[in-house]
Amino acid sequence: MFYRLMKMIVAPLLRIFFRPWIEGEENIPTEGAAIIASNHLSFSDSFFFPALIKRRVTFIAKAEYFTTPGLKGRLTAAFFKGVGQLPVDRSGVRGAGEAAIRSAIAVLDRGELFGVYPEGTRSPDGKLYRGKVGGLARVALATGAPVIPVAMIDTEKVQPPGQVVPNFGIRPGIRIGRPLDFSRYHGMENDRFILRSVTDEVMYEIMRLSGQEYVDVYATAAKRQIADDKKRADAERKAVQKAEQAAAKAEKAETEKSEQAEADKAAGQAQDQQQKETGPA
């Protein structure tokens, strides 16, 4: 019910305010199971894609969207639950990952669309990062469902990471590629080399569709590196500011000392001149 309400209200609003475009929608089957594998540029991806395609798609969403406290957290949780999103614990607990995979397989067994962001998190800088081995490939090989690569375009410009209010006047887009068939690997979902091969093939198609620069590291590692670089840059900037302040303070003290010496010298000269003029007592 909430999903239909979202389609009736949110979709028209997105079309009015952002005029998003979509290419290749015919590559999504009108019925039957399929896996949607998309790049992830912005929080708004979770609005644009489900709102603009005809069929319902169930995406995996990070567990924090369902557990964040406060009014914003409750509203976010209500939205994701209402549209049938699946929470997944990204802390690395194996049991949580297995539960997410079982839930994904159940969605596909019902003949529905299951969506996943292979990068595992939003891109920190608009580049495309290495896909995580596990969920996508294992679900594809276990179910035999086709994988449909999807490229979200310019959604990070609509709503950059950390920004709440979106930017208007930008037309985001969705480019949908042809389904990828991995049935030749059926039954090999426990072979890590096969899982990596499947994941890399999907990421290549997403790169081709999106035109993004590809970086062969995980986005989580890139985020940590960016955060570390920012901390280091902040520390260096503070050190420079502190040194500049110390230098300015020293220069001021030296200037004041010099000025005082000049004043003392002038006072001494004035006193000597006065003594010469008045003569000895």
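The present account deals with the structure reproduced in this document. This one's a predicted model, so the numbers in the text were calculated from it and none came from an experiment.

In this section: the pairing of strand 2 (residues 34-38). For strand 2, a buried count of 5 out of 5 residues is recorded, marking the element as mostly surrounded by other parts of the structure. Because side chains alternate across strand 2, one face comprises the buried residues Ala34, Ile36 and Ser38, and the other comprises Ile35 and Ala37, equally buried. Of the strand pairs in this sheet, strand 2 and strand 5 (residues 113-116) are connected by 4 bridges, and their pairing is parallel. Counterpart to Ile35 in the pairing with strand 5 is Phe114. With 4 bridges connecting them, strand 2 and strand 7 (residues 147-153) associate as parallel partners. Bridging from a neighbouring strand, Ala37 pairs with Pro149 of strand 7.

Let us look at the packing of helix 6 (residues 135-143) against helix 8 (residues 192-210). To describe two helices that pack against each other, one gives the angle between their axes and the distance between the axes. The interhelical angle for the contact between helix 6 and helix 8, taken along N-to-C directions, is 105°, at an axis separation of 9 Å. In terms of axis orientation, helix 6 runs roughly perpendicular to helix 8. Residues Leu136, Ala137, Arg138 and Leu141 of helix 6 form the contact with helix 8, whose own contacting residues are Ile194, Leu195, Val198, Thr199 and Val202. Within the contact of helix 6 with helix 8, the residues separate by chemical class into 7 nonpolar, 1 polar and 1 charged.

Turning next to helix 6. Among the residues making up helix 6, those that are buried are Leu136, Ala137, Arg138, Val139, Ala140 and Leu141. Residue Gly144 follows helix 6 closely and has a positive phi angle near 75°.

Take a nonpolar patch on the surface next. Taken together, Leu5, Met8, Ile9, Leu13, Ile16, Phe17 and Phe168 make up a surface patch of nonpolar side chains, about 750 Å² in accessible area. Tracing the backbone shows Met8 in helix 1 (residues 2-18).

The subject of this paragraph is the packing of aromatic side chains. Per the counting criterion, the structure on display carries 6 aromatic pairs. For the ring pair Phe18 and Phe48, a centre distance of 5.6 Å and an interplane angle of 80° mean the geometry is edge-to-face. With Phe18 in helix 1 and Phe48 in helix 2 (residues 45-52), this pair connects stretches of sequence that are 30 residues apart. We note that Phe18, like Phe48, is buried. Through pairs of rings, three or more aromatic residues link up here, namely Phe17, Phe18, Phe48 and Phe168.

Rules and cut-offs
- Residues numbered from 1 in each chain as written.
- Predicted model: local features only at pLDDT ≥ 70, side-chain atom pairs only at ≥ 80, totals over all residues.
- Heavy atoms only, no water.
- Buried < 20%, exposed > 50% of the residue type's maximum accessible area, 1.4 Å probe, protein only.
- Helix = DSSP H or I, 4+ residues; strand = E, 2+ residues; numbered from the N terminus.
- Pairing = 2+ DSSP bridges.
- Axes fitted to C-alpha atoms, helices over the stretch in contact; angles between N-to-C directions.
- Parallel < 35°, antiparallel > 145°, perpendicular 65-115°, else oblique.
- Contact = heavy atoms within 4.5 Å.
- Nonpolar A, V, L, I, M, F, W, Y, C, P; charged D, E, K, R; others polar.
- Patch = residues over 30% accessible without salt bridge, like charges linked within 9 Å, V, L, I, M, F, W, Y side chains within 5 Å.
- Areas by Shrake-Rupley, 256 points an atom, 1.4 Å probe, with all protein chains shown as cover.
- Salt bridge = Lys/Arg side-chain N within 4 Å of Asp/Glu carboxyl O.
- Phe/Tyr/Trp six-rings, centres within 6.5 Å; stacked < 30°, edge-to-face > 60°.

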